[in-house]
Amino acid sequence: MEVSGGLSSRKESTVSVPSESQPTPVQITVLKAQDLNTLKSNVSVTSVCVEFNGVVLGESFRTNVLPKGTADYNFTTSFESSPNGPNSLNDIAQTPVLLTVIETLQKDKKQKDRTTPLGQAVVDLLPLLQGQCSFQVTAPLHAVPTSPSESLHPEAKGGLEVTVRTKEPLLSATQLSNSNFLSITLEAAYSIPETFAATGPLQNYMACLQVPAAGEKELPLLFKNGILKLAGEKEPLPRPKKWPLANIMAPGALSIPNSFIVGGPYEDEDGELTKGEDREFRIQAESMKRVVWDMESRCYLDPAAVVTLQKRIAECQYWPMEVCRISAALPSKGKTSKADKTKSQHSVFQDLRGQLSVTRMGSGTLGIGAPLDRAAPSKTQKEDKEKSTNKKMSHMPKVQLPNGTGEAENAVHLNLEGQQYVEAGTFLVMEIKLYKALVPRRLREELTKQVKQMIPPRPLLPPWTLGAQKAVEDYHHHITSIAAAILNECHELFGKQLPDQTTTDHQTLEEQKRQLNFELNSSGKYFAFKEQLKYAVVKIVREKYLKTTAFESQEQFQAFLSELYVYLMDQMHIALNQLLFEEAAPSAPPSQVTQKQLLLFAHEAQVIKDYKLASLYHQQRIAKDQYNVECWLDYGAFCLLIEETTKAHECFQQALSLDPNHIQSLLLCGITAAMLQHDEEAKVLFEDACCLEPSSVVAWTLSGLFYELQDNNIQAEMAFREAKKLLQAQLAKERSIPEAAEGEGEKVPDGSADKLTKVVEPAPACVAPKEEATAPEAAPKAVSPASGLGQPPCTIFMETVEFLMKANAVQFIHKALAHELLSLQGGPSSGYYLVLAQTYLLKEELSKCEECLCEAVRIDCMNPNVWAQKGHLCYLKKDFGEAKECYERTMGFMEDAADMHFVYLRLGSIYLEEKLYGRAKKIYLLACDNSASCLTWLGVGIACYRLKEMVEAEDALSEANALNNTNAEVWAYLSLICLHGGRHMEAEQCYKYVLKLGLTNDALLRELRAAQLRLGFGNPEL
């Protein structure tokens, strides 16, 4: 007789369909049996008995078994399912139909036939609650053990063909979509204390928990008949789950078909004891004394129960579960047995926050705590955690304490009794599975549609017919037309000059010109040509020079007219050459600057805090390729650096409109939306990113940080847990690669133990450096926060910090670093201090930055990134001797730091100020080889000029000028070289550009003017 049957029958009304539903008959037809001879030889006559929920529904007529071992029963029976009746929807969910094949042993006519059970099979009725009206299965038939003298094969299996049908679905479409099924599998209790592991034939280990249902009622789920196993081998994997049935005669029929306990890594479990330091304890506990159930219990949750369960999980994150050992006394004559249930009873609490998320199943470990009285719950008792125990206050309705003065004494006694479970570290392993998520995850298609609604794809702009190029072409056309008209006028006045005629002298040409001007002015043709050309010039002013408003001063107006006149004359000559010589003028050479170089120039401008120039370079990158996603992302990251969040959001949206499946664009859009407090938009973007790339550690971690900003701790914890699982899988895969290589005899490169080579001897004290190199905090690439260059980040937060540093998302960086500090057990890592130092540099808090870098050096002195960052700090503090030493140490490593470009620039500038021109030239050439820019070639040019290597200096400065012709310092050194070479006109032209671009280096300007005075040329004012 099953104990849980009565409990369920009193509670099923709280979790079944509405009471107004009429009873629905469920028809069960046993068609035939197969392979009965594998269960027992010489079987002649059998019948089948059908049982459900502890009630026998009927037994078929006796049927002869054919020689092949088959028996045709064609027996039909039924039962009625009713919400308020004995066979509720919950009973259908957790109770199978039990089929027993009975063998009839025929005797002579004087004796009655004797029957014995031959085999049993079970049929799961869950498909009826999943929308099916009928289904047919072949249920495995398991042998019933009998006396050893029988010719029986217990492991052999026959089969029963069974059909189950109903006239109409048990659940309507609405009920089916809004209801759910909860499955709980209790595997075992490990590391149990000696007092709980009492031996004896009448010990029954039970566990019970109550499922929240609709209203204030609850449905109990009971796990009985736990088996006490002594120390020895652990349970095999996989192993089948068992039905919660008590009237099974065939042990094999207890196994649920196609349902197994598969185990897995401890780290993939939810709950406690999942960390690396718990592994040894878990392995040891699984081979010691333990109580094993391996039992699955299911229940049906109607729509109201689903809402109640979701609400209770949100309100109270822990689910109490009672475990007890029942000691039954031996029955005596005339007396029934009596069980003592108050001994060794205690509770555990399962954290159910994960069930609110989209994760549909999970297994975990639970710590067992002592039973406490409801009247005396203390905060310490609720939150205290031992090594493997989660001690929480429990609700114990079965333990009734007496009133009066003895109540406190009993509470103390119970606490002392429960302490043994705390000391033993007792824990349960169980699996909780929902067939549908309580909070369903939105589909990828739905999220994509919402993202498109937020960021519609921008259509291409229509061609602008009045653009700059069109305006210049119109001007050329008018020049050509007017020139042809004037040429015709000349032919009419003076006739055409033949090729064989002599050249006209100068006086005659001047006379013809005077006559032509008179004729054009007197006829009005001059004014007609002037009006015709005026509109073309206006278009050039508006479209080419973008001048549409009045000038602020007369001087500005005159300067513009001079510039416009030069341009118009140049274009006029181009048009006349095309007309007279019938060949196109050579076009301007295309720009040789690549996207990568422009990005480098922008980062250099960020370093010297020339944000206007950096923005110009980013805009030039976009102008060269406006469909390049990376250009928009880099520009958006720059906007975040200068705290223009709205503009950054627009850049990320533009990138996302170009490629809706770009994971970085989705994440950065979500970050800026969160910073702008567009919470719903950010939520959709982060969900879409996780759906697009579910294996992305960064996407899940950023989602968790966002949910934490919204105080949604449940979703945040689930996102962090998913990210940790993904990172552990990645690290395990990366570890397996070198292990496989080592197994093949290949030598795996070691860490960074021998990476440091001999450091260059530091130079003497130095003077102030140049102005080109300043703050390092805006370096082009974020310094890797890993503790070593060859080692990936070992936590989800440090991996996310790498992504955030490149995007300059400071707000999320701070939250990730805070989590990193809380999650570390052995103290912060070198990478943590390195990133923290960078954030302090962004705030210009140099003292705090220095403290962090000192800690980073103490933890990992072999990381070149740390020394490079320390060199930048010393450079800002104008401690150039220490900065030079740090930079030289950085260059001494076998592997380069992440921002070697700025290490070269600053070390070279220090060498120049110390007049170590040979070293400076070498360092700047290394920078040119690594990533050439105007500043690197300028450094080479300065060093060569100081070394009197004028030819090499001019070549280097020409390269610098080709990369950036607006650097006044390049023009100044070119002017100096021309002065020393005696090239008067070139020296003067270079000096004009120096003045026009505004040289800020006063020392260099004084040097240039002194050379002009000494040599007597190069300055028009002389």
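As the structure is a prediction and not an experimental result, all values here were calculated from the model.

Caption draft 1: Layout of the overall build of the protein. When helices and strands are counted, the protein shows 33 helices and 21 strands. Residues counted as buried form 47% of the 1022 residues belonging to the protein. Within the protein, contacts between residues at least 6 apart in sequence are counted, and of these 70% link residues at least 24 apart. If you sum the accessible surface of the protein, you get close to 52200 Å²; carbon and sulfur atoms cover 53% of it.

Caption draft 2: How the structure looks around the pairing of strand β8 (residues 134-143). As paired elements, strand β7 (residues 114-123) and β8 share two bridges and run antiparallel to each other. Directly across from Gln 120, in β8, lies its bridge partner His 142. Relative to strand β9 (residues 157-166), β8 runs antiparallel, the two sharing nine bridges. Counted as the bridge partner of His 142 is Lys 157 from β9.

Caption draft 3: Representation of the side chain of Thr 95 in the model. Turning to its location among the elements, Thr 95 is positioned in the loop between α2 (89-94) and β6 (97-105). A relative accessible area of 11% places Thr 95 in the buried class. With residues up to four places along the chain from it excluded, the contact list for Thr 95 reads Phe 52, Asn 53 and Leu 245.

Caption draft 4: Summary view of the pairing of strand β2 (residues 45-52). For β2, the buried fraction is high: eight of the eight residues fall into the buried class. Neither face of β2 is left uncovered, since the one carrying Val 45, Ser 47, Cys 49 and Glu 51 and the one carrying Thr 46, Val 48, Val 50 and Phe 52 both have all their residues buried. Relative to strand β4 (residues 63-64), β2 runs antiparallel, the two sharing two bridges. When the bridges of β4 are listed, Val 45 appears paired with Asn 64. For β2 and β6, the ladder comprises seven bridges, and the chain directions are antiparallel. Among the inter-strand pairings, Glu 51 is bridged to a residue of β6, identified as Leu 98. Relative to strand β3 (residues 55-59), β2 runs antiparallel, the two sharing four bridges. Bridging from a neighbouring strand, Val 50 pairs with Gly 58 of β3.

Caption draft 5: Inspection of the packing of aromatic side chains at higher detail. Scanning the model with the defined rule gives 20 aromatic pairs in all. Consider the rings of Tyr 526 and Phe 527, whose centres lie 5.6 Å apart with planes at 85°: the pair is edge-to-face. Overall, the relative accessible area of 47% leaves Phe 527 in the partly exposed class. Summarising the aromatic geometry, the rings of Phe 551 and Phe 560 are spaced 5.2 Å apart at their centres and angled 35° between planes, so their arrangement reads as tilted. You can call Phe 551 partly exposed: its relative accessible area is 26%. The ring of Trp 867 has Arg 889 lying over it, and the distance from NZ or CZ to the ring centre is 4.3 Å. Between Arg 906 and the ring centre of Tyr 875, over which it is positioned, the NZ or CZ distance is 5.2 Å.

Caption draft 6: Inspection of the nonpolar core at higher detail. Counting residues in each nonpolar core, the largest one holds 80 residues, and the members touching the most others are Leu 667, Ile 671, Leu 702, Phe 803, Leu 804 and Leu 817. Setting aside chain neighbours within four positions, we find Leu 667 in contact with Phe 686, Ala 689, Val 698, Ala 699, Leu 702 and Phe 803. One finds Tyr 887, Leu 935, Tyr 945 and Leu 999 within the second-largest nonpolar core, a separate group that totals 61 residues.

Caption draft 7: Molecular detail of unusual backbone geometry. Here Leu 237 and Pro 238 are connected by a cis peptide whose omega angle stands at -5°. Structurally, Pro 238 is set in the loop between β12 (218-229) and β13 (239-242). Within the chain, Lys 609 stands out as a residue other than glycine whose phi angle is a positive 60°. Mapped onto the elements, Lys 609 comes out in the loop between α13 (595-607) and α14 (611-624).

Caption draft 8: Layout of the packing of helix α31 (residues 968-981) against helix α32 (residues 984-997). For the pair α31 and α32, the least separation of the axes is 8 Å and the interaxial angle reads 160°. What the angle tells us is that α31 and α32 run roughly antiparallel. In this structure, the crossing between α31 and α32 has a hand that is left-handed. Residues Ala 968, Trp 971, Ala 972, Leu 974, Ser 975, Cys 978 and Leu 979 of α31 form the contact with α32, whose participating residues are Glu 986, Ala 987, Cys 990, Tyr 991, Tyr 993, Val 994 and Leu 997. Classifying every residue of the contact of α31 with α32 gives twelve nonpolar, one polar and one charged.

Caption draft 9: Just the state of the cysteines, in detail. Enumeration over the complete set of coordinates arrives at zero disulfides. For Cys 669, which is in no disulfide, the shortest distance to another cysteine sulfur is to Cys 651 and amounts to 9.9 Å. Note on Cys 669: relative accessible area 0%, which makes it buried. Counting only cysteine sulfurs, Cys 852 is the nearest neighbor of Cys 849, a cysteine outside any disulfide, at a range of 6.8 Å. A relative accessible area of 0% means that Cys 849 is categorised as buried.

Caption draft 10: Representation of the pattern of salt bridges in the model. Within the structure shown, the criterion is met by 35 salt bridges. The residue Arg 282 makes a salt bridge to Glu 286 at a minimum N-O spacing of 3.9 Å. Glu 286 shares its class with Arg 282; the two are buried. Residues Lys 534 and Glu 531 are paired through a salt bridge, measuring 3.1 Å at the closest nitrogen-oxygen approach. With Lys 534 and Glu 531 both in helix α11 (residues 525-544) and three residues apart, this pair spans about one turn of that helix. Classification of Lys 534 by relative accessible area gives partly exposed; the value is 40%. Connected via shared salt-bridge partners are Asp 124, Lys 241, Glu 296, Arg 298 and Glu 431.

Caption draft 11: Fine view of the side chain of Gln 120. Along the chain, Gln 120 falls in strand β7. At 2.7 Å, the side chain of Gln 120 forms a polar contact with the backbone nitrogen of Met 249. A distance of 3.0 Å separates a polar atom in the side chain of Gln 120 from the backbone nitrogen of Ala 250. Those residues within four positions of Gln 120 in sequence are excluded, and the remaining contacts are Leu 98, Leu 99, Thr 100, Pro 140, Leu 141, His 142, Val 144, Asn 247, Ile 248, Met 249, Ala 250 and Ala 253.

Caption draft 12: Main features of the packing of helix α24 (residues 846-859) against helix α25 (residues 864-876). Interaxial distance between α24 and α25 falls to 10 Å at its minimum, and their mutual angle equals 155°. Taken together, the axis directions place α24 and α25 in an arrangement best described as roughly antiparallel. Pair α24 / α25 crosses with left-handed handedness. Listed contacts from α25 to Leu 846, Cys 849, Glu 850, Leu 853, Ala 856 and Val 857 of α24 are Val 866, Trp 867, Gln 869, Lys 870, Leu 873 and Leu 876. By residue class, the composition of the contact of α24 with α25 is nine nonpolar, one polar and two charged.

Parameters and conventions
Residues numbered from 1 in each chain as written. Predicted model: local features only at pLDDT ≥ 70, side-chain atom pairs only at ≥ 80, totals over all residues. Heavy atoms only, no water. Helix = DSSP H or I, 4+ residues; strand = E, 2+ residues; numbered from the N terminus. Buried < 20%, exposed > 50% of the residue type's maximum accessible area, 1.4 Å probe, protein only. Contact = heavy atoms within 4.5 Å. Areas by Shrake-Rupley, 256 points an atom, 1.4 Å probe, with all protein chains shown as cover. Pairing = 2+ DSSP bridges. Phe/Tyr/Trp six-rings, centres within 6.5 Å; stacked < 30°, edge-to-face > 60°. Lys NZ or Arg CZ within 6 Å of the ring centre and 35° of its normal. Core = buried A, V, L, I, M, F, W, Y, C linked by side-chain atoms within 4.5 Å. Axes fitted to C-alpha atoms, helices over the stretch in contact; angles between N-to-C directions. Parallel < 35°, antiparallel > 145°, perpendicular 65-115°, else oblique. Left-handed = near helix turned anticlockwise from the far one by under 90°. Nonpolar A, V, L, I, M, F, W, Y, C, P; charged D, E, K, R; others polar. Disulfide = S-S within 2.5 Å. Salt bridge = Lys/Arg side-chain N within 4 Å of Asp/Glu carboxyl O. Polar contact = N/O pair within 3.5 Å; in protein donor to acceptor, adjacent residues only side chain to side chain.

Honestly, it's all geometry; don't read function into it.
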